[in-house]
Amino acid sequence: PKARPLTGLKLMLTAGPTREALDPVRYISNHSSGKMGFALATAARALGAEVTLVSGPVTLATPTGVRRVNVESAQDMHDAVMAGIGEQHIFIACAAVADYAPKVVASHKIKKTQADNMVVELTKNPDIVASVASLQHKPFTVGFAAETRDVEKYALDKLKRKNLDMIAANDVSGSDRGFNSDQNALSVFWPGGQHHLPLAGKAELAEQLLTLIAKRYHDLH
Ligand code: C5P
């Protein structure tokens, strides 16, 4: 039988995009499919963890045995994560969280006017993974970095700046990986080490990443 290195551990992860409302019928979002986060939830369960998946709007089915919390905006996702983070051993931020949201949400549909230009003011969203990593009793915290160049440099910078225990960087410049693709490759960094996980299906990659996370977690505890 397969080793289940996450047995007895509570693991929370975020997945998918967020939606930032402009008015009751419009929003700002991104192309995240949620596939990597859902693959990680499935693999974490298979490796023995008790999994909570905080998901933005995606069309994927909930993995068997996983507790799912649906959210829309970055603020909602932040609040759902913070409400349950106290009891978690491991947190993985896989969601493509919108960096900014419209400053005001119109309560009625915004009408077209004579003007050719329209200005929408945006305001910064909370950084969820940084909020988790700044907790006094923080779980083992893993972030993702989607970069199109200088992957290692930006990943290491993010690891430090956000006080993470590990970061998984993917190069999203090619269409054979990342975002909507079923395949991905990851460069994983932690303070004092790194490991490359070559191009593979997201399910296989998820298991490899979680095996690394479990190893690193047990090294520290
Ligand atoms: O800074 P950047 O958005 O590139 O960092 C990506 C990492 O931070 C991902 O793990 C993502 O889930 C997380 N993140 C977050 N909350 C935000 C922005 C990013 O948790 N508002």
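Definitions and limits used
- Residues numbered from 1 in each chain as written.
- Predicted model: local features only at pLDDT ≥ 70, side-chain atom pairs only at ≥ 80, totals over all residues.
- Heavy atoms only, no water.
- Near = heavy atom within 4 Å.
- Polar contact = N/O pair within 3.5 Å; in protein donor to acceptor, adjacent residues only side chain to side chain.
- Areas by Shrake-Rupley, 256 points an atom, 1.4 Å probe, with all protein chains shown as cover.
- Nonpolar A, V, L, I, M, F, W, Y, C, P; charged D, E, K, R; others polar.
- Helix = DSSP H or I, 4+ residues; strand = E, 2+ residues; numbered from the N terminus.
- Buried < 20%, exposed > 50% of the residue type's maximum accessible area, 1.4 Å probe, protein only.
- UniProt positions renumbered as here; feature names shortened; annotations may be inferred.
- Contact = heavy atoms within 4.5 Å.
- Salt bridge = Lys/Arg side-chain N within 4 Å of Asp/Glu carboxyl O.
- Phe/Tyr/Trp six-rings, centres within 6.5 Å; stacked < 30°, edge-to-face > 60°.
- Lys NZ or Arg CZ within 6 Å of the ring centre and 35° of its normal.

Looking at an unreviewed UniProt entry, one finds the protein named Coenzyme A biosynthesis bifunctional protein CoaBC, with Oceanimonas doudoroffii as its source organism.

Q: Before we move on, can you summarise the site of the ligand with the specific residues and values?
A: Close to the ligand lie Ala 93, Ala 95, Val 97, Pro 126, Asp 127, Ile 128, Val 129, Gly 143, Phe 144, Lys 158 and Lys 162, which account for all nearby residues. A distance of 2.8 Å is found between a nitrogen atom of the ligand and a backbone nitrogen or oxygen belonging to Pro 126. Its free accessible area being 450 Å², the ligand has 84% of it covered by the protein chains. Looking at the shell around the ligand residue by residue, the classes come out as 7 nonpolar, 1 polar and 3 charged.

Q: Tell me about the side chain of Lys 162, and please be specific about residues and values.
A: Along the chain, Lys 162 turns up in the loop between α4 (151-161) and β10 (166-171). A residue is classified by how much of its surface remains accessible, and Lys 162, at 17% relative accessible area, is buried.

Q: Explain the UniProt feature "binding site: CTP" (unreviewed entry) in the protein to me, using residue names and the numbers behind them.
A: When the UniProt feature table is mapped onto this chain, "binding site: CTP" (unreviewed entry) is found at Asp 99, Lys 109, Pro 126, Asp 127, Ile 128, Val 129, Phe 144, Lys 158 and Lys 162. Sequence-wise these annotated residues cover 64 residues; spatially they are dispersed, their C-alpha atoms as much as 38.0 Å apart. As for its placement among the helices and strands, Asp 127 is situated in the loop between β8 (122-124) and α3 (128-133). In this structure the side chain of Asp 127 is engaged in a polar contact, spanning 3.4 Å, whose partner is the backbone nitrogen of Val 129. Among residues more than four places away in sequence, those in contact with Lys 162 are Asp 127, Val 129, Ala 130 and Ala 133.

Q: Pulling in residues and values, what's your account of the pattern of salt bridges?
A: It is possible for side chains of opposite charge to pair when their charged atoms get near one another. Evaluation of the coordinates by the stated rule reveals 7 salt bridges. Where Asp 23 meets Arg 26, a salt bridge forms, and the shortest distance between an N and an O atom there is 2.5 Å. When its relative accessible area of 32% is taken as the criterion, Arg 26 is described as partly exposed. Across the pair Lys 215 and Asp 219 runs a salt bridge whose closest N-O atoms are separated by 3.4 Å. Taken together, the positions of Lys 215 and Asp 219, both in helix α5 (residues 202-220) and 4 residues apart, correspond to about one turn of that helix. For Asp 219, a relative accessible area of 51% corresponds to the exposed category.

Q: Kindly report on the environment of Val 69, identifying the contributing residues and their values.
A: One can find Val 69 in strand β5 (residues 67-70). Note: C-alpha distance between Val 69 and Ser 107 (38 residues apart in sequence) is 26 Å. Every residue in contact with Val 69, bar those within four places of it in the chain, is listed here: Thr 52, Leu 53, Val 54, Ser 55 and Ala 80.

Q: Just give me the short version of the packing of aromatic side chains, but keep the residues and values in it.
A: Counted under the stated rule, the structure contains 1 aromatic pair. Measuring from ring centre to ring centre gives 6.3 Å for Phe 140 and Tyr 217, while their planes differ by 80 degrees; the resulting arrangement is edge-to-face. Here Phe 140, found in strand β9 (residues 140-147), pairs with Tyr 217, found in helix α5; they are 77 residues apart in sequence, far enough to count as distant. The residue whose ring lies beneath Lys 153 is Tyr 154, and the NZ or CZ to ring-centre distance is 4.6 Å.

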